[in-house]
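Observations on the model geometry
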Protein chains: 4
Amino acid sequence: MSHDVRTRLSAIRREFHRHPEPSWCEIQTTARIVEELSRIGVDRVAIGRDALASDHRMAVPSEETLAEWHDRAAAAGVDDDVLAATADGHTGCVAVVELGEGPTVGLRVDMDAVSMVESDEPGHRPADEGFRSETAGYMHACGHDAHAAIGLGVVEAVKASDFSGTFKCFFQPAEEVAGGGKPMAESGHVDDVEYLFACHLGLGYPTGTVVASATEPLAMAHLTATFEGAAAHAGKDPSGGTNAMQAMATGVQNAYGIARHGDGMTRVNFGRVAGGSASNVIAEEITLDGEVRGETTALMEYTRSELERILYAAAEVHGCDVVIRRISESIRVDSDPVLGALVADVARGVDGVDSVVPEAPLGASEDVTFLMKHVHDRGGRAAYVIVGGDHPTSHQTPTFDVDERSLGVAVELLSSAIVNVGANRP
Amino acid sequence: MSHDVRTRLSAIRREFHRHPEPSWCEIQTTARIVEELSRIGVDRVAIGRDALASDHRMAVPSEETLAEWHDRAAAAGVDDDVLAATADGHTGCVAVVELGEGPTVGLRVDMDAVSMVESDEPGHRPADEGFRSETAGYMHACGHDAHAAIGLGVVEAVKASDFSGTFKCFFQPAEEVAGGGKPMAESGHVDDVEYLFACHLGLGYPTGTVVASATEPLAMAHLTATFEGAAAHAGKDPSGGTNAMQAMATGVQNAYGIARHGDGMTRVNFGRVAGGSASNVIAEEITLDGEVRGETTALMEYTRSELERILYAAAEVHGCDVVIRRISESIRVDSDPVLGALVADVARGVDGVDSVVPEAPLGASEDVTFLMKHVHDRGGRAAYVIVGGDHPTSHQTPTFDVDERSLGVAVELLSSAIVNVGANRP
Amino acid sequence: MSHDVRTRLSAIRREFHRHPEPSWCEIQTTARIVEELSRIGVDRVAIGRDALASDHRMAVPSEETLAEWHDRAAAAGVDDDVLAATADGHTGCVAVVELGEGPTVGLRVDMDAVSMVESDEPGHRPADEGFRSETAGYMHACGHDAHAAIGLGVVEAVKASDFSGTFKCFFQPAEEVAGGGKPMAESGHVDDVEYLFACHLGLGYPTGTVVASATEPLAMAHLTATFEGAAAHAGKDPSGGTNAMQAMATGVQNAYGIARHGDGMTRVNFGRVAGGSASNVIAEEITLDGEVRGETTALMEYTRSELERILYAAAEVHGCDVVIRRISESIRVDSDPVLGALVADVARGVDGVDSVVPEAPLGASEDVTFLMKHVHDRGGRAAYVIVGGDHPTSHQTPTFDVDERSLGVAVELLSSAIVNVGANRP
Amino acid sequence: MSHDVRTRLSAIRREFHRHPEPSWCEIQTTARIVEELSRIGVDRVAIGRDALASDHRMAVPSEETLAEWHDRAAAAGVDDDVLAATADGHTGCVAVVELGEGPTVGLRVDMDAVSMVESDEPGHRPADEGFRSETAGYMHACGHDAHAAIGLGVVEAVKASDFSGTFKCFFQPAEEVAGGGKPMAESGHVDDVEYLFACHLGLGYPTGTVVASATEPLAMAHLTATFEGAAAHAGKDPSGGTNAMQAMATGVQNAYGIARHGDGMTRVNFGRVAGGSASNVIAEEITLDGEVRGETTALMEYTRSELERILYAAAEVHGCDVVIRRISESIRVDSDPVLGALVADVARGVDGVDSVVPEAPLGASEDVTFLMKHVHDRGGRAAYVIVGGDHPTSHQTPTFDVDERSLGVAVELLSSAIVNVGANRP
């Protein structure tokens, strides 16, 4: 890969890094991608609402939040077409490059940031080199800035290659909240994809290592539970209300006691809680924010089903109601072994790769599994690839950064694999 | 009171003490009372089934237990008529003495013992003087032996007095389990009672003290809850059953958290638990034994209602069922103040009484309240009287004993009050 | 009372109503009181720090909050002397009027508002007549605006009366949070007070009714508990942290299960909870906001002691720490019966009083009990008086308002009682 | 294998089946084994105390229980030497056969029964054919009767073979309670064993199938927890005691909430509970019976350590104490792959074997792992072999039975493997 290409990849990644946008609010990011695709020259781009099955979106923020980010994007000069296409929580896009006879091959990358204050300490490269987040309270702490840049790099590389077939690049929004995979899978754009790649940088693997086939992503479901009681004065009329605090505590205590399952690993957690008004008032409303996971989709569903029964009954224990909101979910789909083997073979020939792990567990949840399942269900093959990249601190920390050398490795690996698939139809 | 009468009271009380029988099993006790009533000569005696509204009985033990005590009584020589009348858990009797024109006045005494091993240590008078319990594992540890003797003493004293009217003495079974008051109240025998007395010895008051009017007995309900789950191997198939252990723990935790009530005092307790089969098996069935109380009947019912909702929902939290059995209950009824004042007046003239407390809280539960309510509901008056009596240790301990001097005080006080009521119809 | 006086009372009360300030932030209120006392002409005024034992203050807000209200007061034109005297959370004042030989008699009134948005609906008189709160988010919803006005009215009335002795009026801050009573009690100003009155409007009694002697205020303690765990990824490393969510739930469940006490009524409540960061992270820190109460100070302390042990052990159950902060407390002190009887006598002669209740339970907590105890401990007498006053909705609601006719009743009743005490030294 | 041998194996197995004895009480069983070993003629037998490191025994029953089974055995005619050697809970034996130069090879079999009433329904072969349990309430429901018979069969077969070396057969007591493996491992008899086999029939595999190498037994620990509070009358003095019922419930609730572990599977269960005295008494003492398991020994120890901290703190939540008794435990040790491969090879040549599974998870806990670890620690090899055998219903059910054809398969497989090992020293 030429020095110029590497430089351009870094530059665009840093641009994304400076302008992080949270899930379903990636308007400037989408606009910048569309602009770059136009520079590269692709055959078609479906933007926002055209790239998504709107009803399948999950974890969409409030209208106020969407409006706020829309206004920011407008103020930043995003043009009206993109503003219109991405309105009301419809971000992301699908780029299509048609290069003659051959299979339809896809690549999915993600693009959203998280709510976190980025470090401004010396030694944190984005701070030192001037591309730290310019949007207070938000940060690319999981490398999706790099993933979006890689997507653009692969489009450009495939276009310049001798690939024969159709290439589609899915710039998926809202991965962090497991909200964008399902609507993109159901958009119609994946229906004809015969081979699909997905990619993640880092994940604990150093620069130079490639995991050709990531397996066993955890199925996950995110939900909130709002316990609704009735207030009363705790001193004068302690039995006059119904106590959402006790209902919540009963829910939490028993949720963690969901029976482990003989078929494999499960998880349950409540990570946030808030509610009530004052120390001397029986709490009227308390909301828990939690999730369940499972080694398989069935195990996740077992745990969610148990959890929901527990929460409803815990409310009943204290005469309260509970409103459970299913925010989002992702399923378990493993990489196709044949496509994984192909990636491993290709990886061994990529400049900068010094170690190839044929297969390893992902150990996390991912909503690209909806796209992978869509492909597998139609007889296709999908592989999830980890491109190692040193990171100074863990993902989702204020001093996270990616080793930009991994961008070039990823672009070369993925574009080579795409060309290979086009030629060999494994 | 003559020395002879005092001696006879002690002798019969010690006979009862040697032969304790638990609730609904007081067959020998009933037979001995009937025998003594025959010696005294009363006009009518309704025994067992004839003295009770059978369907209103509560806390009746198993058929096996009833049969066992029936067999003991038969072996002890109880005659066939009493055996037949008391069969299947129908103990106690009502004695009637008709003495001309005048009101119908009643006295209720109780007669059952508790499950406790009586002390055989030196210094425990029943052991020292040879009238310790001869029935292993049972004991008169609450003075009901003395109460039954007092009942007989009052019958004899009233018969010998110038009382004008009808006198009924209610020898009530199953007070310890709050099971006998209701069926005796509903038996018909109380319907014409215009004045009713009830009496308890001791309760922390010394010999010579009389509480003329005990008030505020706690309303109480006794219940059991059996959680029913499904067993499974805890190692191989931890989610294969439904866990009665977790359901029980959820029930207990939340039961004690029932909201205190602004209207007054409530209580809740689970005092026994048992169930499950082995450490490596998900528990299939666990039973809790508990009670609720309230300063008023309504507060007891509030607490029971909350408890029952909690237990049903706690079972549901863990996918189990729960069977709640209402074992027995008692209500709150306070002494009538007019009749209480009469008792106080009479008490001041009784030999051996050196202190009269006009009114004091009972601080316990009592099922004579069903009889008292029956009288009050028909326009009558009822009073609960405490006759002080030193007791070396607390009620319901293995070294409990009554000061027999209090028997004579009680007989004189109650018979005098009855005569007074007959004359004055307050 | 003259029409002019009534009008002035209403006017100053409405001024206070328009400028509500929360506990320990009553700077404008203090300044307005000082200004009015100057108009009336009193012998001495101790302001802020001079009126309080600083170290005994409880529930003082953060420095930021104090600074914010200081700045508001400065902007509103409060003069520098009062700003200096009230700095850093030292509000309120004590006014002294010396009128010759005789006892020292005190009156305590309070002055703080609460955090609540006042109604702007038609029908709410403060809105209709233009004296609704001008400070967004704060409101006099408990009548302390009227209490402060009554204090000024009584100072003026006593000064104009034939009272002989020394009169002190305690304008106490921070009653709503039970924070100001203790430091005023310990300030030295109460040491020589032989008779003390306290007063509350409304509390469910209609205009024209007076409760001469309120008794049985609940002892109360307010506390917060912050559970401190360690975060970890709930999917990848569920055992890697320590779970503040589970610790909190264990604390809540068991707190409500604190054993009821045989000596009397107790209360426990957690009314607010907040903490944790995200659904997929083991919660690191969660704070509960709660209180305990008791029919007596000892019962409150029993409950607090149980609660604290439970919270520490609940943290330990989950390997967490907990930091418990005792925010504030109040004790139980009943009105002196002799002084109460005097108030009842006086009340029967007051214009506008049509019903006098000699004694009734307060049914709430009050930190004037610290001043009352200080007086009682030195052989003096203190009485808590309720002056009935219609209120359209309950205290602490957005449409609360006082019937201003009750201001005149209160001023006449209290000043007459003070004069009477001066003359008769009961 | 000759028809006569098969017949003898069945006969001796049926004898064991008729006389089931629970863990540490296998006195008649040991005596019968010793008698049979004498018939076969072995070089040495270490019985009971001589076969065990006494201090390492776990889960030994009470002296009363031991004495009761000792008396039964004496009554059944067990001779005095065996009675003396097995006294006080020292059952089992080790038989040694010396056959010249060669390695020391061991086989471990178990011999205890469980507490269960055996079916007497038609269709249950032991009932139909007259070898149903003659000891009421106990039953060989896990096939250890067959295992002991197999042990004897292998001793006889090895003695008759051309095996060269030393063969030791370990008749281990108390496997059901995980109590006998550790003391036999530490007895010294295993110190020179270079190759060790263990064997189990059935486990869901049909007759004709052999699992050559069972892996991943769960590490397990069994414990009891006795919560000790103080009794008080729940109505009169609800705060007078300390409540073991609430402490127990807090322990149970939080035990099931022990965090799942990222390194693998864990289990926790309380399967039995009992305690308290009466519904109206604060519970004084309650005992839980439970266990933890882990995919590895470290995971079991993590879970046990968490559980113990939770139980101690749960007691503290309610001011109680808790006494935790570690009853027994087993560790995880996997079969040696080399020895497993040898078994697979041999199995393919055994008459009656139609399917060989090279390796499969055991899915249960086993205390032979202590012996296996002892061998592995000294550089030896150990393999756990499952010999399939149809069983009409699950292990540990009243209608369990073994297919006796599997006895011959097991004897031939194990003796062939032992001969092979002697020859080849893998």
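In what follows, the accompanying structure is described. Bear in mind the structure is a predicted one, so any value in this text is a computation, not a measurement. (Residues numbered from 1 in each chain as written. Chains lettered and ligands numbered in written order. Predicted model: local features only at pLDDT ≥ 70, side-chain atom pairs only at ≥ 80, totals over all residues. Heavy atoms only, no water.)

Looking at the interface of chain B and chain D
For clarity, the cut-off: Whether two residues are in contact is decided by their heavy atoms: any pair within 4.5 Å suffices. Defined here as a combined quantity, buried area equals the accessible surface (1.4 Å probe) lost by two parts on assembly, summed across both. By definition, a salt bridge exists where a carboxyl oxygen of Asp or Glu is found within 4 Å of a side-chain nitrogen of Lys or Arg. Pairs of N or O atoms are called polar contacts if they sit within 3.5 Å, as long as, within protein, a hydrogen donor faces a hydrogen acceptor (for residues adjacent in sequence, only side-chain-to-side-chain pairs). Secondary structure counts use DSSP, requiring at least four H or I residues in a row for a helix and at least two E residues in a row for a strand, with both numbered from the N terminus.
Contacts between chain B and chain D engage 40 residues on the former and 40 residues on the latter. Both sides of the chain B and chain D interface together cover about 2,900 Å² of buried area, and 56% of this is carbon and sulfur. Taken together, the connections running from chain B to chain D amount to zero salt bridges. For the interface between chain B and chain D, the tally reads 15 residue pairs in polar contact (both at pLDDT 80 or more). For the side of chain B that touches chain D, the elements supplying multiple residues, two or more each, are α8 (244-255), β11 (266-276) and β12 (285-294) of chain B. When residues of the side of chain B that touches chain D are assigned to their parent elements, the largest contribution, nine residues, is made by β11(B).

A look at the packing of helix α1 (residues 3-18) of chain B against helix α2 (residues 27-40) of chain B
Residues and elements named next belong to chain B. For clarity, the threshold we go by: For every element, the axis is a line fit to its C-alpha atoms; helices are fit only across the contacting stretch, and the angle between N-to-C directions ranges from 0 to 180 degrees. Just so you know how the angles are binned, under 35 degrees is roughly parallel, over 145 roughly antiparallel, 65 to 115 roughly perpendicular, and the rest oblique. Each helix crossing is assigned a hand: it is left-handed if the near helix lies turned anticlockwise from the far helix by less than a right angle, otherwise right-handed if that turn is clockwise.
The N-to-C vectors of α1 and α2 enclose an angle of 155°; their axes lie 10 Å apart at closest approach. The angle between the axes of α1 and α2 places the two elements in the roughly antiparallel class. The element α1 and its partner α2 pack so that their crossing is right-handed. Note on element contacts: α2 touches α1 through T29, R32, I33, E36 and R39, opposite R8, I12, E15 and F16.

Considering α1(B)
Residue and element names in this part refer to chain B. For clarity, the threshold we go by: To estimate how far a helix should extend, the number of its residues minus one is multiplied by 1.5 Å. Any residue under 20% of the maximum accessible area for its type is buried, any over 50% is exposed, and the rest in between are partly exposed; the area is computed with a 1.4 Å probe on protein chains only.
Over its 16 residues, α1 runs 23 Å from end to end, which matches the ideal 22 Å to within 8%, given 1.5 Å per residue. Every buried residue of α1 is accounted for by L9, S10, I12, R13, R14, F16 and H17. Buried residues in α1 make contact with α2, α5 (125-128), α6 (144-160) and α12 (405-424).

A few points about the packing of α1(B) against α12(B)
All names here are of chain B. Put simply, the rule is: Just so you know the grouping, Ala, Val, Leu, Ile, Met, Phe, Trp, Tyr, Cys and Pro go in nonpolar, Asp, Glu, Lys and Arg go in charged, and all remaining residues, Gly too, go in polar.
Two elements in contact, α1 and α12, have axes separated by 9 Å at closest approach and are oriented at 115°. Classified by the interaxial angle, the pair formed by α1 and α12 is roughly perpendicular. For the pair α1 and α12, the crossing hand works out as right-handed. Contacts between α1 and α12 pair R6, L9, S10 and R13 from the former with R405, L407, G408, V409 and V411 from the latter. Taken together, the residues of the contact of α1 with α12 sort by class into four nonpolar, two polar and three charged.

Thoughts on the pattern of salt bridges
Scanning all chains against the criterion turns up 128 salt bridges over all chains. Ionic pairing is found between C:R14 and C:E129, a salt bridge with its closest N-O pair at 3.0 Å. In this pair, C:R14 sits in helix α1 (residues 3-18) while C:E129 sits in the loop between α5 (125-128) and β5 (138-139), placing the two residues 115 residues apart along the sequence. Several salt bridges converge on common partners, so that one network encompasses A:R8, A:E15, A:R32, A:E35, A:E36, A:R39 and A:E156.

Considering the relation of the copies chain A and chain C
For clarity, the threshold we go by: Alignment of the copies relies on least squares applied to C-alpha atoms, considering only residues that score at least 70 for pLDDT in both.
The operation relating chain A to chain C is a screw motion whose rotation component is 180°, with 0.2 Å of axial translation and a residual RMSD of 0.1 Å. Both chain copies can therefore be described as sitting about a two-fold axis. When the interface residues of chain A are mapped onto chain C, 100% of them again lie at the interface, so the same face is used by both copies.

So, the packing of aromatic side chains
As a reminder of what qualifies: A pair of aromatic rings is counted whenever rings of Phe, Tyr or Trp (Trp by its six-membered ring) have centres within 6.5 Å, and the orientation is called stacked for planes under 30 degrees apart, edge-to-face for over 60 and tilted otherwise. Look at NZ for Lys and CZ for Arg. If either is within 6 Å of the ring centre and within 35 degrees of the ring normal, a charge sits over the ring.
Summed over all chains, the structure comprises four aromatic pairs over all chains. With a centroid separation of 4.9 Å and 90° between ring planes, the pair formed by C:W69 and C:Y138 is classed as edge-to-face. Taken together, the positions of C:W69 in helix α3 (residues 63-75) and C:Y138 in strand β5 put the pair 69 residues apart, joining distant regions of the chain. Given a relative accessible area of 2%, C:W69 falls into the buried group. A relative accessible area of 21% means that C:Y138 is categorised as partly exposed. Here the guanidinium or amino end of B:R57 rests over the ring plane of B:W24, the centre of that ring lying 5.8 Å away.

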